[in-house]
Amino acid sequence: MSAQAAAILDATDRRLVIATQNGLPLVARPYHQLAEAIGIAPEEVMARLTHLLESGVIRRIGAVPNHYAIGYTANGMSVWDVPDERIDELGVRVGGLDFVTHCYHRPRRLPEWPYNLFAMVHGGSRTEVLAKVRAIAEIIGSDCHSHDVLFSTAILKKTGLRMAPRRDD
Amino acid sequence: MREAAPIDATDRAIIDGLQGGFPICERPYAAAAGSFGISETELLERLQRMLATRVLTRFGPMFQVERMGGAFVLAAMCVPDAEWLRVLEIVNAFPEVAHNYRRESDRNGAFNMWFVLATETVDGIDAAVRQIEEASGLPVFPFPKLQEYFVEMKLAVRS
């Protein structure tokens, strides 16, 4: 997403982001509770949230499951060293696979890290993830110079964005 | 890995059905509860329980940091086992660290701590990288995305 597309948040939007970054209040009228906390009308809270959703500042509103708790006990970050001139075509094809949840072109860090294509694969077991990684390997074919899979073995922290209040918030 | 907390069919339907599209209206939980055949109160209770048992990590808006002028960058470190706990405490104490995972592979065991830095400004990433390097005494390797081909975090509950 380009920086030019960035929507500018005003002071009230910022207060709304800060008030909801830990989650939506679990009460019957959550937007009314936010309105009271921020000191604006409930209708304005709802209108601003709708606008933030439409402009993409909010990707979505809902539940964020813990992957492990819903059965995705294996989570592999597959990483691939592919030619830079081929990466966009390969990235679109790999990203189109239904079991790939994230797919990015990232920089290599030579000599430690030769990989430039990252594709996240979730599954119920390492065996299942490795089978999916083999399916990616077939798509990439001879364009793959080397690849690896890094399995996550512990969630060390998961909080999401933390916007700190400014003096004027 | 901890044992997952037990969830029933209604919980599963809620997780699958509420990963997005939560209504913006006066009584949104009441509006959403109908499609699961439960009351507003029961939906609230189930969400509270699933948050308390860590089946859900959050419930609410998911922000796209880049659209607010900020940045979201993956970074990695090679942390020796003997220093793991010390470095983990230092890294996790930074509010800019939004997620942190231990990752291991047989081939590239060196990069074993992978975290996402989320900052309100693009410049904040470099500052956070420098601060983490200074505090830990170890190099931090940022992996900014050069191109995004696909992002879709919605995963259905496996039965």
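Residues numbered from 1 in each chain as written. Chains lettered and ligands numbered in written order. Predicted model: local features only at pLDDT ≥ 70, side-chain atom pairs only at ≥ 80, totals over all residues.

S.K.: When you look at the overall build of chain A in this model, what are you seeing that I'm missing?
M.R.: Along chain A, the regular secondary structure elements total five helices and five strands. A total of 169 residues make up chain A; the buried ones form 34% of that total. In chain A, the proportion of contacts linking residues at least 24 apart, taken out of those at least 6 apart, comes to 61%. (Helix = DSSP H or I, 4+ residues; strand = E, 2+ residues; numbered from the N terminus. Buried ≥ 20, exposed ≤ 12 C-beta atoms within 10 Å, placed from the backbone. Contact = placed C-beta atoms within 7 Å.)

S.K.: Even after reading the chapter, I still don't get the overall build of chain B, so can you show me in this structure?
M.R.: Broken down by element type, chain B carries five helices and six strands. Listed N to C, the secondary structure of chain B is α-α-α-β-β-α-β-β-α-β-β in terms of helices and strands. A globule of 159 residues ought to have a C-alpha radius of gyration of about 15 Å, yet chain B, at 19 Å, is considerably larger. Summarising the internal contacts of chain B: among those between residues at least 6 apart in sequence, 53% fall at separations of at least 24. (Rg over C-alpha atoms; globule rule 2.2 N^0.38 Å.)

S.K.: Would you mind going over the sheet that holds strand E4 (residues 117-123) of chain A with me for this structure?
M.R.: Within a sheet, neighbouring strands are paired by backbone hydrogen bonds and run either parallel or antiparallel to one another. Reading across the sheet, the nine strands line up as E5(B)-E2(B)-E4(B)-E3(B)-E5(A)-E2(A)-E4(A)-E3(A)-E6(B) and stay open at both edges, with antiparallel pairing between neighbours. This sheet does not close on itself; its edge strands, each paired only once, are strand E5 (141-143) and strand E6 (147-151) of chain B. Across this sheet, the average inter-strand angle for adjacent strands is 25°, counted without regard to direction. In terms of strand pairing, strand E3 (residues 97-104) of chain B meets strand E4 (residues 113-119) of chain B through five bridges, oriented antiparallel. Across the sheet, B:Val97 pairs through a bridge with B:Leu117, a residue of E4(B). Sitting on the sheet, helix H5 (residues 123-136) of chain B touches strand E2 (71-77), E4 and E5 of chain B, and the angle it makes with E4(B) is about 140°. (Pairing = 2+ DSSP bridges. Axes fitted to C-alpha atoms, helices over the stretch in contact; angles between N-to-C directions.)

S.K.: Is there a simple way to explain helix H4 (residues 87-95) of chain A in this structure?
M.R.: In an α-helix, one turn spans 3.6 residues, which is why side chains three or four residues apart end up on the same side. What H4(A) keeps buried is the set A:Leu90, A:Gly91, A:Val94 and A:Gly95. All buried residues of H4(A) fall inside an arc of 125° around its axis, so they share one side. (Arc of directions from axis to C-beta.)

S.K.: Please clarify how the packing of helix H1 (residues 11-20) of chain A against helix H3 (residues 42-54) of chain A should be interpreted in this entry.
M.R.: When two helices pack together, you describe them by how their axes are tilted relative to each other and by the distance separating the axes. All names here are of chain A. Remark: H1 packs on H3, axes separated minimally by 11 Å, with the N-to-C direction vectors making an angle of 85°. Between H1 and H3, the angle is such that the two are roughly perpendicular. Contacts between H1 and H3 involve Thr-12, Asp-13 and Leu-16 from the former and Val-45, Arg-48 and Leu-52 from the latter. Along the lines of polarity and charge, the residues of the contact of H1 with H3 split into three nonpolar, one polar and two charged. (Parallel < 35°, antiparallel > 145°, perpendicular 65-115°, else oblique. Nonpolar A, V, L, I, M, F, W, Y, C, P; charged D, E, K, R; others polar.)

S.K.: Is there a simple way to explain the environment of B:Ala71 in this structure?
M.R.: All names here are of chain B. In this fold, Ala-71 is placed in strand E2. Sequence-wise, Ala-71 and Ile-125 are 54 residues apart; in three dimensions their C-alpha atoms are separated by 7.1 Å. Discounting chain neighbours no more than four positions away, the residues touching Ala-71 are Val-65, Glu-66, Thr-119, Val-122, Gly-124 and Ile-125.

S.K.: Got a minute to help me understand the nonpolar core in this structure?
M.R.: Here is a general trend for soluble globular proteins: nonpolar side chains tend to be buried in one another's company. Residue and element names in this part refer to chain B. Ala-75, Ala-76, Met-113, Phe-115 and Leu-117 are the most contacted members of the largest nonpolar core, which totals 53 residues. Among the elements that take part in this core, E4 stands out by supplying six residues, more than any other. What Met-113 contacts, discounting residues up to four positions off in sequence, is Ala-76, Met-77, Val-79, Val-91, Asn-100 and Arg-102. (Core = buried A, V, L, I, M, F, W, Y, C linked by C-beta atoms within 7 Å.)

S.K.: Mind showing me how you'd approach the environment of A:Leu117 here?
M.R.: Residues and elements named next belong to chain A. If you trace the backbone, Leu-117 turns up in strand E4. With 106 residues separating them along the chain, Leu-117 and Ala-11 place their C-alpha atoms 38 Å apart. Ignoring any residue separated from it by four or fewer positions in sequence, one finds Leu-117 in contact with Trp-80, Val-82, Ile-87, Leu-90, Gly-91, Val-94 and His-105.

S.K.: Even after reading the chapter, I still don't get the interface of chain A and chain B, so can you show me in this structure?
M.R.: Interfaces are frequently sized by the accessible area removed from exposure as the parts join. Contacts between the two partners involve 74 residues from chain A and, on the opposite side, 70 residues from chain B. Those elements that place two or more of their residues in the side of chain A that touches chain B are H1, helix H2 (30-38), H3, strand E1 (58-65), H4, strand E3 (100-105) and strand E5 (146-158) of chain A. Sorting elements by how many residues they give to the side of chain A that touches chain B places E5(A) first, with 11 residues. Taken together, the residues that form the side of chain A that touches chain B break down as 41 nonpolar, 22 polar and 11 charged. Pairing between E3(A) and E6(B): four bridges, direction antiparallel. Within E6(B), the position partnered with A:Tyr104 by the bridge is B:Glu148.

S.K.: What is the right way to read the pairing of E3(A) from this model?
M.R.: Along any regular strand the residues' side chains alternate between the sheet's two faces. Sheet topology note: the E3(A)/E4(A) ladder contains five bridges and is antiparallel. Paired with A:Val100 across the strands is A:Val121, a residue of E4(A).

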